[in-house]
Amino acid sequence: MAYQTGLLFICSILLIGCSKSGSTGANSANNPTATSAVNAIPIGIAFAQTSNVALLGQEGTDGVKIAEKYFNDQGGINGRPIKLVYQDTGGDEVGAINAFQTLINKDKVVAIVGPTLSQQAFSADPIAEHNQVPVIAASNTAKGIPEIGDYVARVSSSVAIVAPYSVKAALKQNSQIKRVAVFYAQNDAFNKSETEIFQKTVKDFGLNLVTVQKFQTTDTDFQAQASGAINLKPDLVIISGLAVDGGNLVKQLRELGYKGIIIGGNGFNTSHIFSVCRAFCDGVIIAQAYSPVYPSKINTAFRKAYVEQYRREPPQVSAQAFTALQVYIEALQSLDKKSKINKLLLPQLRTQLNQELLKGKYQTPLGEIAFTPVGDVIQKEFYVAQLKMEANGVNGKFSFLSVK
């Protein structure tokens, strides 16, 4: 009798999750499996669909859509499909909190991928932790994210590991670099964290940090900061910002006559930046945790599906979002083989999934990854790309550099 009650309870929860998610037009329109199975396992997606970070959120959404179709076509969780349930985080903490609360309490998801920004994670992840719902970050690289709680992990490598590669690449291109100007968005937790790493790296390489300029992610006019920095004659500029504000800063630096090397932080890891700084993007250096040409079966499949769907090379955030969903799926598959998940109540499933995902090694588009005991990603391969714009100044690509 207890078995039947538990089974009926979990089935009803999963059905509710599916029916709730199907009530939004975006879900049913964008997900090919939205109405294909009534017993699908709901996984929450908390990315920005609106605000000034919607471009980054869209890249995350693109990645999980590819993963949903790819793994469901392969049989899902030992025959049961997964179903993505979307909630818009917007670009602030309140939006992320609301998205998490809805996914957990209304949509009854098994786990969550998100949110888009580290700033949002510091506010929203504690809600998941309190409710014992697993969270995997696909684009949160600030210091301290996995330490938020036992149910918080990430597949986005810490900026402390990735950022120094870009400075090394810049020095390889110009060994005479001595003077460095740093810019960062002071209203964003990730960019504040990233700039600390960049500033430490500059000093570790024996370079002279001539100025640190602050701005807001909502700014559009950077004339004062750019002019102040240029007057100090830097050989290298490093920017920690998002695609829109960072791209506009690049444009205005070039318009004011700066001709040296520019490094962009993780917020520049999006093809959407091409439409912001256009021809002025050319030459910007960016360290990355993903390469479309990484030679593996899963990356080849991901890249092929992405290019066919979106007609462009997959960016880092899309690959990381794909990877986050892949981790959940493979952990659920492993768990189901040990203990049939349809016999577990939802709280039990969430807890056992969280325990299971931290044990595994995963062959992903990022390469082989695993997790530390606190949920931080262990990744072997990193890359540096340079933006190369076509003659029309509109289209561009990430050209990968050798920094070994």
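Scroll up to find the structure this text is about.
The structure reproduced in this document is the subject of the present report. In this text the structure is predicted, and so the values were computed from the model without any measurement.

Bringing empty space enclosed by the protein into the picture now. In total, this model carries 3 cavities of 30 Å³ or more according to the counting rule given. Roughly 100 Å³ of internal volume is contained in the largest cavity. Around the largest cavity, the lining comprises 16 residues; the ones closest to its centre are Val159, Val162, Glu194, Asn266 and Ala287. Secondary structure elements with two or more residues in the lining of the largest cavity: α6 (159-173), α7 (189-204) and α12 (316-338). When residues in the lining of the largest cavity are grouped by element, the largest group, 4 residues, is from α6. Classifying every residue of the lining of the largest cavity gives 7 nonpolar, 8 polar and 1 charged.

In this fold, alanine 321 is placed in helix α12. Relative accessible area serves as the criterion here: at 0%, alanine 321 is assigned to the buried category. Taking the C-alpha atoms as reference points, alanine 321 and isoleucine 77, 244 residues apart in sequence, are found 18 Å from one another. Those residues in contact with alanine 321 that lie beyond four places of it in its chain are Phe47, Gly60, Gly63, Val64 and Ala138.

A few words now on the pattern of salt bridges. On inspection of all chains with the given rule, the structure shows 10 salt bridges. A salt bridge links arginine 312 to aspartate 62; the shortest N-O distance between them is 3.1 Å. Of this pair, arginine 312 sits in the loop between α11 (297-310) and α12 while aspartate 62 is found in helix α3 (residues 54-73), placing the two residues 250 residues apart along the sequence. For arginine 312, a relative accessible area of 27% translates into the label partly exposed.

A word on the pairing of strand β9 (residues 261-264). Put simply, side chains in a regular strand alternate between the two faces of the sheet. In β9, alternate side chains face the same way, and those of Ile261 and Ile263 on one face and Ile262 and Gly264 on the other are all buried. By the bridge criterion, 4 bridges tie strand β8 (residues 236-240) to β9 in an arrangement that is parallel. Each bridged residue has a counterpart across the sheet, and for leucine 236 the counterpart in β9 is isoleucine 261. On the question of chirality, the crossover connecting β8 to the parallel β9 by way of helix α9 (residues 243-255) is right-handed.

Counting through the fold element by element, glutamine 379 comes out in strand β13 (residues 377-379). The exposure class assigned to glutamine 379 is buried, which follows from its relative accessible area of 11%. Reaching out from glutamine 379, the side chain makes a polar contact with the backbone oxygen of alanine 289 at a distance of 2.7 Å. Here the side chain of glutamine 379 touches glutamate 381 through a polar contact of 2.9 Å, landing on its backbone oxygen. Excluding residues that lie within four positions of it along the chain, glutamine 379 makes contacts with Val155, Ser157, Ala289, Leu366, Glu368 and Ile369.

The subject of this paragraph is the sheet that holds strand β11 (residues 362-364). Sheet strands line up and pair through hydrogen bonds in the backbone, either parallel or antiparallel. Taking strand neighbours across the sheet as the criterion, the 3 strands line up as β11-β12-β13 in an open arrangement whose pairing is antiparallel. Since the sheet does not close on itself, it has two edges, and those belong to β11 and β13, each with one partner. Each strand axis lies, on average, 35° off the axis of its neighbour in the sheet, ignoring direction. Bridging between strand β12 (residues 367-371) and β13 involves 3 bridges; their strand directions are antiparallel. Looking across to β13, one finds that alanine 370 is bridged to isoleucine 378. Relative to β11, α12 is tilted by about 145°, and along the sheet it contacts β11 and β12.

What follows is about the state of the cysteines. Enumeration over the complete set of coordinates arrives at 1 disulfide. Disulfide partner of cysteine 277: cysteine 281, at an S-S distance of 1.9 Å. Where cysteine 277 bonds to cysteine 281 through sulfur, the torsion about that S-S bond is close to 100°, and the disulfide is right-handed. According to the relative accessible area criterion, cysteine 277 is buried, its value standing at 1%. The class for cysteine 281 is buried, based on a relative accessible area of 0%.

On to the packing of α6 against α7, then. Between α6 and α7, the least distance of the axes is 9 Å, while the angle of their chain directions is 50°. Relative to α7, the element α6 is oriented oblique. Seen from above, α6 lies across α7 with right-handed handedness. Of the residues in α7, those touching α6 at Val159, Ala160, Ala163, Pro164, Ser166 and Val167 are Phe190, Ser193, Glu194, Ile197, Phe198 and Thr201. Grouping the amino acids of the contact of α6 with α7 by side-chain chemistry returns 8 nonpolar, 3 polar and 1 charged.

Reading guide: rules and limits
Residues numbered from 1 in each chain as written. Predicted model: local features only at pLDDT ≥ 70, side-chain atom pairs only at ≥ 80, totals over all residues. Heavy atoms only, no water. 1 Å grid on protein atoms, 1.4 Å probe; cavity = no way out; pocket = protein on both sides within 12 Å on 5 of 7 lines; lining within 4 Å. Points joined across faces, edges and corners; volume = space filled by probe spheres on them. Helix = DSSP H or I, 4+ residues; strand = E, 2+ residues; numbered from the N terminus. Nonpolar A, V, L, I, M, F, W, Y, C, P; charged D, E, K, R; others polar. Buried < 20%, exposed > 50% of the residue type's maximum accessible area, 1.4 Å probe, protein only. Contact = heavy atoms within 4.5 Å. Salt bridge = Lys/Arg side-chain N within 4 Å of Asp/Glu carboxyl O. Pairing = 2+ DSSP bridges. Right-handed = clockwise from strand over helix to strand, strands pointing away. Polar contact = N/O pair within 3.5 Å; in protein donor to acceptor, adjacent residues only side chain to side chain. Axes fitted to C-alpha atoms, helices over the stretch in contact; angles between N-to-C directions. Disulfide = S-S within 2.5 Å. Parallel < 35°, antiparallel > 145°, perpendicular 65-115°, else oblique. Left-handed = near helix turned anticlockwise from the far one by under 90°.

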